[in-house]
Amino acid sequence: MSKSVLTLNVGGVLYTTTTATLLKFPESMLGSLLGRGMPSTKDANGHLFIDRDGHTFRHILNFLRCSQLCLPANFKELDLLSAEADFYQISPLIDAINDLRDKRKGHTFYLEIIEVRTGSTATMPTCNSRVKTILLGRTDILLTLPPVVIGSDSSERLSCKEPYEYTELELFGSPVRLRVGEELHNLGWTLISSDLSTSSGFDNKSQIGMSLIIEHTFRDRWCREFAPDEPIKINPNHTMLLEDANV
């Protein structure tokens, strides 16, 4: 029987193959169907009928033939193929799809902007408040940003850091948090959270007696997904600034 030729009707699409190919993985649903006499359905022409996606079955059958997952470069129906592989219970194919999914995943990186406003009226930056803004992220990711985002002197400040080191970079200017956020948005970054926390206390060192000090901390978290084949490289403007500094 294993060498016989048969025609399958999968969702209205006909495939001709051998029973040996369909029995490649005996523990699969197809192995049970053909090898262990699992109840089956026939179409009007006597072909074994499987009520599943007919076009996707070509990839299932090709895997049974060569034990490799061979998909077109622009294949976009991986979720559908995964569902079909799960239906047919072909464990090696399920593993191959999961491996491909991992390879296709990009790398997601995160940046945080923390702005701390301290003063007697810290809600908005005024002459009565002090503002400190920090940008946090991996050194190599920070250096992908243009000088307009992280400052023209930042490349020199960051050049001594390890590329994968999580770095705090103080930003200067006002309103720098909002301006940098707008630039990040234009560069393809996405704001995923924005939080505000408030604390207060009394400054007993004040020359005018006990004065109330208010501290507002704004924390914005941004993310961007880099494609699997997208290199992480220093912004060329930083490269020129570093070269000028070393002249």
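Below or above, wherever it landed, is the structure these notes cover. (Residues numbered from 1 in each chain as written. Predicted model: local features only at pLDDT ≥ 70, side-chain atom pairs only at ≥ 80, totals over all residues. Heavy atoms only, no water.)

With respect to the packing of aromatic side chains
Convention followed: Any pair of Phe, Tyr and Trp rings, taking the six-membered ring for Trp, is counted once the centres come within 6.5 Å. Such a pair is stacked with planes under 30 degrees apart, edge-to-face with planes over 60 apart, and tilted for the rest. Put simply, a charge is over a ring when the Lys NZ or the Arg CZ is close to the ring centre, within 6 Å, and near the line of the ring normal, within 35 degrees.
Tallied over the full model, the rule gives 5 aromatic pairs. An aromatic cluster is defined as three or more aromatic residues linked by ring pairs; in this entry it consists of Tyr15, Phe57, Phe87 and Tyr88. One Lys or Arg, Arg52, reaches over the ring of Phe87 and ends 4.1 Å from the middle of that ring.

What to know about the packing of helix H4 (residues 78-88) against helix H5 (residues 91-104)
How we decide: Axis lines are fitted through C-alpha atoms, for helices just across the contact stretch, and the angle between N-to-C directions can take any value from 0 to 180 degrees. Each helix is a run of DSSP H or I of at least 4 residues and each strand a run of E of at least 2, with the numbering of both proceeding from the N terminus. Here the word oblique covers every angle except those under 35 degrees (roughly parallel), over 145 (roughly antiparallel) and from 65 to 115 (roughly perpendicular). The sense of a crossing depends on the near helix, which, turned anticlockwise from the far helix by less than a right angle, makes the crossing left-handed and, turned clockwise, makes it right-handed. Only heavy atoms enter the contact rule, under which two residues are in contact if any of them lie within 4.5 Å.
Two numbers describe how H4 lies on H5: the axes approach to 9 Å, and their chain directions differ by 160°. Of the possible angle classes, the one that applies to H4 and H5 is roughly antiparallel. Like other packed secondary-structure pairs, H4 and H5 cross with a definite hand, here left-handed. Residues Leu78, Asp79, Leu81, Ser82, Ala85 and Asp86 of H4 form the contact with H5, whose participating residues are Leu93, Ile94, Ile97, Leu100, Arg101 and Arg104.

Notes on the pattern of salt bridges
A side chain of one charge can pair with a side chain of the opposite charge when the charged atoms of the two come close. Defined as follows: Basic side-chain nitrogens of Lys or Arg form a salt bridge, by our definition, when they fall within 4 Å of a carboxyl oxygen of Asp or Glu. Throughout, exposure labels follow a simple rule: accessible area from a 1.4 Å probe, protein chains only, divided by the maximum for the residue type, with under 20% read as buried, over 50% as exposed, and the rest as partly exposed.
As enumerated under the stated definition, the model contains 9 salt bridges in all. A salt bridge links Arg138 to Asp140, with the nearest nitrogen and oxygen atoms 2.6 Å apart. Residue Arg138 is classed as partly exposed on the basis of its relative accessible area of 21%. Owing to a relative accessible area of 13%, Asp140 belongs among the buried residues under this scheme. When salt bridges that share partners are traced, they join Glu115, Arg117, Arg177 and Asp220 into one network.

Some words on helix H9 (residues 176-186)
What counts, and what does not: Here the arc refers to the set of directions running from the helix axis out to each C-beta atom.
Burial in H9 covers these residues: Val176, Arg177, Val180, Gly181 and Leu184. In a view along the axis of H9, the buried residues occupy a sector of 130°, so they form one face of it. Every exposed residue of H9 that faces more than 90 degrees away from the buried side is listed here: Leu178, Glu182, His185 and Asn186.

Notes on the sheet that holds strand S4 (residues 48-50)
For clarity, the threshold we go by: By the convention used here, strands pair only if DSSP detects at least 2 bridges between them.
Read across the open sheet, the 4 strands follow the order S2-S1-S4-S3; overall the sheet is mixed. For this open sheet the edge positions go to strand S2 (13-18) and strand S3 (41-42), each flanked by a neighbour on one side alone. Two strands pair when backbone bridges link them, and S3 and S4 are joined in this way by 2 bridges, in the antiparallel orientation. In the strand pairing of S4, Lys42 is matched with Leu48. Across the sheet, helix H3 (residues 57-66) touches strand S1 (5-10) and S2, and the angle it forms with S2 is around 5°.

Thoughts on the environment of Ile90
The residue Ile90 is located in the loop between H4 and H5 in this model. For Ile90, a relative accessible area of 0% gives the class buried. C-alpha separation for the pair Ile90 and Leu30, spaced 60 residues apart in sequence, amounts to 8.7 Å. If sequence neighbours within four positions are ignored, Ile90 has contacts with Phe25, Ser28, Ile60, Phe63, Leu64 and Ala85.

Side note on the environment of Ile134
Structurally, the position occupied by Ile134 is in strand S6 (residues 129-138). Taking C-alpha positions, Ile134 is 8.7 Å from Arg177, a pair spaced 43 residues apart along the chain. The contact partners of Ile134, leaving out residues within four places of it in the chain, are Glu112, Ile113, Ile114, Glu168, Leu169 and Glu170.

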